[in-house]
2 protein chains.
Amino acid sequence: MPARSRRLTQAKTDSARRSPCPVSCCLDIVGDRWTLLVVRDLFLGRSRFKDFTASPEAIPTNVLAERLQRLLQHGLVIQAAASEGSKHLGYQLTDKGKALLPVLKAMKNWGLTWERGTKAALH
Amino acid sequence: MPARSRRLTQAKTDSARRSPCPVSCCLDIVGDRWTLLVVRDLFLGRSRFKDFTASPEAIPTNVLAERLQRLLQHGLVIQAAASEGSKHLGYQLTDKGKALLPVLKAMKNWGLTWERGTKAALH
DNA sequence: TAGACATGCTTGCATATTGCAAGCATTTTA
DNA sequence: TAAAATGCTTGCAATATGCAAGCATGTCTA
């Protein structure tokens, strides 16, 4: 898919939702094995493409590129200069994206309680 | 896959995890578009195969069967008589499964706050 | 107690997504 | 200004999803 038409692709409309359930709707956006790990990394202060690929789960680059586009489309992240005066872009959470913190915390707590050998990185 | 060998299939071991991160580990189990909707339905008191397929999101039956097996393998649900004296089996959340309630609540709140037109079914 | 219907799946198949490796234009560093 | 790093894209094989049909077992009705 070329960049321009990707940019013009509409964010998921109400009619594209499986149901009006807020849980279902949330899963339509972040319901896969990778998206919330990218959001976790954003909370950990990572912002650049390379940073996300460096996480221990090793997300494939094509999947990462697609997920970042989806997060942009749904307004969970924005792009901004990666650092002062740099032409490289980084990604940052919007308020909508930051609002997923309780979801990540709940998952963190669940994992720590019920799955042996897990260890938290997110505080 | 025959029923017996499916029963004998090991739950995901530490080595099968992508990383020791509790969030990643949680997503290894429930990180897809459907599993948490099944868990939501279980919280809503639904317990039988037919009940899950009747939800508005309309999960395909083969996907539902696979997800229920995964939830059984990971100990998030158990099977029990669907009703008094019935030979039909239903599914119920274990404590481990019930511990996902904060995750669902966080997703519900996020959806209600950030996605227009969503409406809660889970209380 | 026989037939009809409901339940709880399984199967087959087309399509979509994922994972892996390689490639490449642009930016930054030495 | 050449070399390395960055931020992706592309191609392809493997896996997962979605849809429709099929079917064994259980339950209900006459």
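So, here is what we can say about the structure in this document.

Parameters and conventions
- Residues numbered from 1 in each chain as written.
- Chains lettered and ligands numbered in written order.
- Predicted model: local features only at pLDDT ≥ 70, side-chain atom pairs only at ≥ 80, totals over all residues.
- Heavy atoms only, no water.
- Near = heavy atom within 4 Å.
- Polar contact = N/O pair within 3.5 Å; in protein donor to acceptor, adjacent residues only side chain to side chain.
- Helix = DSSP H or I, 4+ residues; strand = E, 2+ residues; numbered from the N terminus.
- Salt bridge = Lys/Arg side-chain N within 4 Å of Asp/Glu carboxyl O.
- Buried < 20%, exposed > 50% of the residue type's maximum accessible area, 1.4 Å probe, protein only.
- Contact = heavy atoms within 4.5 Å.
- Buried area = accessible area lost by both parts, 1.4 Å probe.
- Nonpolar A, V, L, I, M, F, W, Y, C, P; charged D, E, K, R; others polar.

A closer look at the protein's contact with DNA strand D
Then, number 1: Neighbouring DNA strand D are 19 residues, the closest being Arg-48, Lys-50 and Thr-61 of chain A together with Trp-34 and Arg-67 of chain B.
Then, number 2: When the atoms of DNA strand D within 4 Å of the protein are grouped by moiety, sugar and phosphate amount to 64% of the total.
Then, number 3: Between DNA strand D and Asn-62 of chain B there is a distance of 2.8 Å, counted from a base nitrogen to a side-chain nitrogen or oxygen.
Then, number 4: Arg-67 of chain B places a side-chain nitrogen or oxygen 2.6 Å from a phosphate oxygen of DNA strand D.
Then, number 5: Mapped onto the surface near DNA strand D, the elements with two or more residues apiece are α4 (49-53), α5 (61-73) and β2 (89-93) of chain A together with α5 (61-73) of chain B.

Focus: the pattern of salt bridges
Then, number 1: Scanning all chains against the criterion turns up 22 salt bridges over all chains.
Then, number 2: Asp-28 of chain B is the salt-bridge partner of Arg-33 of chain A, the closest N and O atoms lying 3.5 Å from each other. Here Arg-33 of chain A, found in the loop between α2 (22-30) and α3 (35-43), pairs with Asp-28 of chain B, found in helix α2 (residues 22-30), and the two come from separate chains.
Then, number 3: The salt bridge involving Arg-46 of chain B is made with Asp-41 of chain B; its shortest N-O contact spans 2.8 Å.
Then, number 4: Exposure remark for Asp-41 of chain B: the relative accessible area of 2% places this residue in the buried category.
Then, number 5: Within this structure, Asp-32, Glu-66, Arg-67 and Arg-70 of chain A form a network of salt bridges that share partners.

As for the interface of chain B and chain A
Then, number 1: Taken together, the contact between chain B and chain A spans 44 residues of the former and 44 residues of the latter.
Then, number 2: Surface buried jointly by chain B and chain A totals about 4000 Å² across both partners, of which 69% is contributed by carbon and sulfur atoms.
Then, number 3: Interface area lost by chain B to chain A is led by Arg-18, Met-107 and Trp-110 of chain B, which between them contribute 19%.
Then, number 4: Our enumeration of links across chain B and chain A arrives at 16 residue pairs in polar contact (both at pLDDT 80 or more).
Then, number 5: Counting only elements with at least two residues in the side of chain B that touches chain A, the list comes to α2, α3 (35-43), α6 (95-98) and α7 (101-114) of chain B.

Here's the deal with the protein's contact with DNA strand C
Then, number 1: Near DNA strand C you find 20 residues, and of these Trp-34, Arg-67 and Lys-87 of chain A together with Arg-48 and Lys-50 of chain B are the closest.
Then, number 2: Of everything in DNA strand C that lies within 4 Å of the protein, sugar and phosphate atoms constitute 67%.
Then, number 3: A distance of 2.3 Å is found between a phosphate oxygen of DNA strand C and a side-chain nitrogen or oxygen belonging to Trp-34 of chain A.
Then, number 4: Side-chain polar atom of Tyr-91 of chain B to a phosphate oxygen of DNA strand C: 2.9 Å apart, as the coordinates give it.
Then, number 5: Of all the secondary structure elements, the ones that give two or more residues to the surface near DNA strand C are α5 of chain A together with α4 (49-53), α5 and β2 (89-93) of chain B.
Then, number 6: Of all the elements, α5 of chain A adds the most residues to the surface near DNA strand C, at four residues.
Then, number 7: Of the residues assigned to the surface near DNA strand C, the class counts are six nonpolar, seven polar and seven charged.

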